[in-house]
Amino acid sequence: MTTDQGTTRIQVAGSAGTDPYEVLVGRQLLGELSGMIGTKAKRVAVIHPEALAGTGEALRADLAEQGYEAVAIQVPNAEEAKTAEVAAYCWKALGQTGFTRTDVIVGVGGGATTDLAGFVAATWLRGVRWIAVPTTVLAMVDAAVGGKTGINTAEGKNLVGAFHPPAGVLCDLAALDSLPVHDYVSGLAEIIKAGFIVDPVILDLIEEDPQAARTPAGPHTAELLVRSIRVKAEVVSGDLKESGRREILNYGHTLAHAIEKNERYKWRHGAAVSVGMVFAAELGRLAGRLDDATADRHRAILESVGLPLTYRGDQWPKLLETMRVDKKSRGDLLRFIVLDGLGKPTVLEGPDPAVLIAAYGEVSA
């Protein structure tokens, strides 16, 4: 990691034939975009959500001024964008503009938008370059880094997708200044996850002043983001397709994805991950893997920033059914990431059903 003029550059190593790329964290970064697009591209498609129509058009106009044939493709907000129908709409737009294999897609928005943009890039002409410009905490620390792209189906979240790393990621902190507090706090769940699985300094910084952590004006905002991105960059480098250590990034996500599906994706991802981490902590404790203090620390830190700790108790049968078809399962064998201690994630396969029920009882409202 190098820093210049207030911009932090984090390298993500390539894996299995993929090129390495940089994640830039700082302010006023859009000047870096043309360098990432490169000179071979003639056309650039800017995929953006309806909520960022002004941003998408401004970016399109700026790229047009630089000589690119730029088109803006507007998609629905949040998870409503992650459907086969919306992907097909994007493919049609690319086809109508004569998009070739040397052209570039830019995904501007939250995690749902970058997931979609990356998937469209992965599937158009069997793969074109794309650049992520995440505008939320969640997208910056999670969705835009690592090369996982995808869309949802009625059966579950991200069940259709591809591993297709971006050519670069621009995390402009100015985008967070106008982010609604609930969306900002939602992203903190992924930051806290990085603290529990790899970098406990993250937890210390948040615990130092939880209220300050809830706002982009807090003193540790840039450091929290950089530390979290660095965790993900280090884990995904060399394990693009989740065949090894990358699986630890799923901490809290098995139950979280089931909750999101059960709520028809109306719950924020970070809220679901928060409940999922409390569940995983209890599962680790009940399995005799995790000490009480670290398990209890989950509840304390998540609650201190305003994230939820519970979900509806009567929904367990539906959640269990959904978890069985989660992409992290192997056959009918449920797999959960749990902790053997702070910063010591491990896999728990096929836990006793009674232990699962008991752990869920601890997060039941």
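Cut-offs and rules
Residues numbered from 1 in each chain as written. Predicted model: local features only at pLDDT ≥ 70, side-chain atom pairs only at ≥ 80, totals over all residues. Heavy atoms only, no water. Buried < 20%, exposed > 50% of the residue type's maximum accessible area, 1.4 Å probe, protein only. Helix = DSSP H or I, 4+ residues; strand = E, 2+ residues; numbered from the N terminus. Pairing = 2+ DSSP bridges. Contact = heavy atoms within 4.5 Å. Phe/Tyr/Trp six-rings, centres within 6.5 Å; stacked < 30°, edge-to-face > 60°. Salt bridge = Lys/Arg side-chain N within 4 Å of Asp/Glu carboxyl O. Core = buried A, V, L, I, M, F, W, Y, C linked by side-chain atoms within 4.5 Å. Axes fitted to C-alpha atoms, helices over the stretch in contact; angles between N-to-C directions. Parallel < 35°, antiparallel > 145°, perpendicular 65-115°, else oblique. Left-handed = near helix turned anticlockwise from the far one by under 90°. Nonpolar A, V, L, I, M, F, W, Y, C, P; charged D, E, K, R; others polar.

## A closer look at the pairing of strand β6 (residues 104-109)
Line of reasoning, step 1. Burial analysis of β6 places six of its six residues in the buried class, the great majority of the element.
Line of reasoning, step 2. The alternating pattern of β6 places V104, V106 and V108 and I105, G107 and G109 on opposite faces, both of which are buried.
Line of reasoning, step 3. In this structure, strand β4 (residues 43-49) lies alongside β6, joined through four bridges in parallel fashion. Bridge pairing in β6 places A45 opposite I105.
Line of reasoning, step 4. Where β6 lies against strand β7 (residues 129-134), six bridges are found, and the strand directions are parallel. Bridge assignment links V106 to a residue of β7, and that residue is I131.

## Considerations on the pairing of strand β10 (residues 168-172)
Line of reasoning, step 1. With respect to burial, β10 is a largely interior element, five of its five residues being buried.
Line of reasoning, step 2. Burial of the side chains of β10 extends over both faces: G168, L170 and D172 are buried on one face and V169 and C171 on the other.
Line of reasoning, step 3. The pairing of strand β3 (residues 21-26) with β10 spans four bridges and is parallel. If you follow L24 over to β10, its bridge partner there is L170.
Line of reasoning, step 4. Here two bridges tie β7 to β10, and the two strands are oriented parallel to one another. The partner of A132 across the bridge, within β10, is V169.

## Concerning the environment of V355
Line of reasoning, step 1. Along the chain, V355 turns up in helix α14 (residues 353-361).
Line of reasoning, step 2. Counting along the chain gives 236 residues from V355 to F119, while the straight-line C-alpha distance between them is 37 Å.
Line of reasoning, step 3. Apart from the residues within four sequence positions on either side, V355 is in contact with L283 and L286.

## Some thoughts on the packing of aromatic side chains
Both the distance between ring centres and the angle between the ring planes are used here to describe each pair of aromatic rings.
Line of reasoning, step 1. Summed over all chains, the structure comprises six aromatic pairs.
Line of reasoning, step 2. When the ring of W91 is compared with that of F119, the centres are 6.4 Å apart and the planes differ by 45°; the resulting orientation is tilted. Here W91, found in helix α3 (residues 84-96), pairs with F119, found in helix α4 (residues 111-123); they are 28 residues apart in sequence, far enough to count as distant.
Line of reasoning, step 3. Residue classification places W91 among the partly exposed residues on the basis of a relative accessible area of 28%.
Line of reasoning, step 4. An angle of 45° between the planes, with centres 6.1 Å apart, marks the rings of F279 and W316 as tilted. Highlighted residues: F279 in helix α11 (residues 269-286) and W316 in helix α13 (residues 316-324), separated in sequence by 37 residues. Like W316, F279 is buried.
Line of reasoning, step 5. Aromatic rings pair up to connect F279, W316, F336 and Y360 into one cluster.

## Considerations on the pattern of salt bridges
Line of reasoning, step 1. Tallied over the entire structure, the rule returns 28 salt bridges.
Line of reasoning, step 2. A salt bridge links K266 to E80; its shortest N-O distance comes to 3.8 Å. Of this pair, K266 sits in the loop between α10 (253-262) and α11 while E80 sits in the loop between β5 (69-75) and α3; the two residues are 186 residues apart in sequence, bridging distant segments of the chain. Note on accessibility: K266 and E80 belong to one class, exposed.
Line of reasoning, step 3. Linked by salt bridges that have partners in common, E79, K82, D115, K157 and E260 make up one network.

## So, the nonpolar core
For soluble globular proteins, the rule of thumb is that nonpolar side chains tend to be buried together.
Line of reasoning, step 1. Counting 97 residues, the largest nonpolar core has V23, I105, L116, I192 and F279 as its most contacted members.
Line of reasoning, step 2. Discounting residues that sit within four places of it in the chain, F279 has contacts with L255, W316, F336, L356, A359, Y360 and V363.
Line of reasoning, step 3. Residues I37, L59, V104 and V106 belong to the second largest nonpolar core, which totals 18 residues.

## Looking at unusual backbone geometry
Line of reasoning, step 1. Phi angles above zero are rare outside glycine, and Q28 is one such case at about 55°.
Line of reasoning, step 2. Residue position: Q28 is located in the loop between β3 and α1 (33-37).
Line of reasoning, step 3. The backbone phi angle of Y265 is positive, close to 60°, even though this residue is not glycine.
Line of reasoning, step 4. On the secondary structure map, Y265 appears in the loop between α10 and α11.
Line of reasoning, step 5. Taking the relative accessible area as the measure of exposure, Y265 reaches 18% and is therefore buried.

## Description of the side chain of T294
Line of reasoning, step 1. Within the element layout of this structure, T294 appears in helix α12 (residues 292-304).
Line of reasoning, step 2. In this view, T294 contacts F196 and L342; residues no more than four positions away in its chain are not counted.

## Remarks on the packing of α11 against α12
Line of reasoning, step 1. Two numbers describe how α11 lies on α12: the axes approach to 9 Å, and their chain directions differ by 165°. Judged by the angle between their axes, α11 and α12 are roughly antiparallel. As α11 packs across α12, the resulting crossing turns out to be left-handed. Contacts between α11 and α12 involve S274, M277, V278, A281, E282 and R285 from the former and D292, A295, D296, H298, R299 and L302 from the latter.
Line of reasoning, step 2. In terms of residue class, the contact of α11 with α12 is built from five nonpolar, two polar and five charged.

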